[in-house]
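Residues per chain, in single letters:
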Amino acid sequence: MIDMKIGQYHLTSDKYEVKVNRMSLDSHGHPVTSYDEKSGINRLVEAPLAHCKNVEDALHWLRGYLFNPDW
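Given the structure is predicted, the values throughout are model-derived calculations rather than measurements. (Residues numbered from 1 in each chain as written. Predicted model: local features only at pLDDT ≥ 70, side-chain atom pairs only at ≥ 80, totals over all residues. Heavy atoms only, no water.)

**As for the overall build of the protein**
Then step 1. On a plain count of helices and strands, the protein comes out with one helix and six strands.
Then step 2. If you list the helices and strands of the protein from N to C, you get β-β-β-β-β-β-α.
Then step 3. Its C-alpha atoms give the protein principal-axis dimensions of about 40 × 35 × 15 Å.
Then step 4. Contacts in the protein between residues at least 24 apart in sequence constitute 39% of all its contacts with a sequence separation of at least 6.
Then step 5. In the protein, which carries 8 positive and 10 negative side-chain charges, the distance between the mean positions of the two groups comes to 4 Å. (Helix = DSSP H or I, 4+ residues; strand = E, 2+ residues; numbered from the N terminus. Contact = heavy atoms within 4.5 Å. Lys, Arg positive; Asp, Glu negative; His and termini not counted. Charge placed at Lys NZ, Arg CZ, Asp CG, Glu CD.)

Here's what the structure looks like:
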């Protein structure tokens with residue numbers, strides 16, 4: 001299992017895939033969380049960006065997303 005943060009991006013995995021999400025940040029650059037009443041824990045506020053088959057593909061996708069000259 002992977003739980004890696006790179007700047008405002010968060011990579012997590014389960015046994016099937018690696019998910020790439022973008023975290024919401026507050027004005028101080030800290031991740032924004034919201035309280036989940038059902039589970040009783042604070043969760044990061046994230047927007048899903050990609051689902052990849054392994055870490056290498058996720059990092060390659062993130063590199064392309066960050067350094068896309070067309071944006």
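**Brief notes about the environment of lysine 5**
Then step 1. You can see lysine 5 is positioned in strand 1 (residues 3-6).
Then step 2. A relative accessible area of 49% places lysine 5 in the partly exposed class.
Then step 3. Measuring from C-alpha to C-alpha, the distance between lysine 5 and arginine 22 comes to 9.6 Å, with 17 residues separating the pair along the chain.
Then step 4. Once residues within four sequence positions are removed from consideration, lysine 5 is found in contact with His10, Met23 and Leu44. (Buried < 20%, exposed > 50% of the residue type's maximum accessible area, 1.4 Å probe, protein only.)

**Quick notes on the packing of aromatic side chains**
Then step 1. Per the counting criterion, the structure on display carries two aromatic pairs.
Then step 2. Taking 6.0 Å as the distance between ring centres and 80° as the angle between the ring planes, the aromatic pair formed by tyrosine 9 and tyrosine 65 counts as edge-to-face. Placement of tyrosine 9 in strand 2 (residues 9-13) and of tyrosine 65 in helix 1 (residues 55-66) is noted, with a sequence separation of 56 residues between them. An identical accessibility class is assigned to tyrosine 9 and tyrosine 65; each is buried.
Then step 3. Seen from their ring centres, tryptophan 61 and tyrosine 65 are 5.0 Å apart, and the 15° between their planes marks the pair as stacked. Of this pair, tryptophan 61 and tyrosine 65 are both found in helix 1, four residues apart, which corresponds to roughly one turn of the helix. (Phe/Tyr/Trp six-rings, centres within 6.5 Å; stacked < 30°, edge-to-face > 60°.)

**Side note on the nonpolar core**
Then step 1. One finds Tyr9, Leu11, Val18, Val20, Ala50, Cys52, Ala58, Leu62 and Tyr65 forming the largest nonpolar core, which totals nine residues.
Then step 2. Taken together, the elements giving at least two residues each to this core come down to strand 2, strand 3 (18-23), strand 6 (46-52) and helix 1.
Then step 3. It is helix 1 that provides the largest number of residues to this core, a total of three residues.
Then step 4. Filtering out sequence-adjacent residues up to four positions away, valine 20 remains in contact with His10, Leu11, Ala47, Pro48, Leu49, Ala50, Ala58, Trp61 and Leu62. (Core = buried A, V, L, I, M, F, W, Y, C linked by side-chain atoms within 4.5 Å.)

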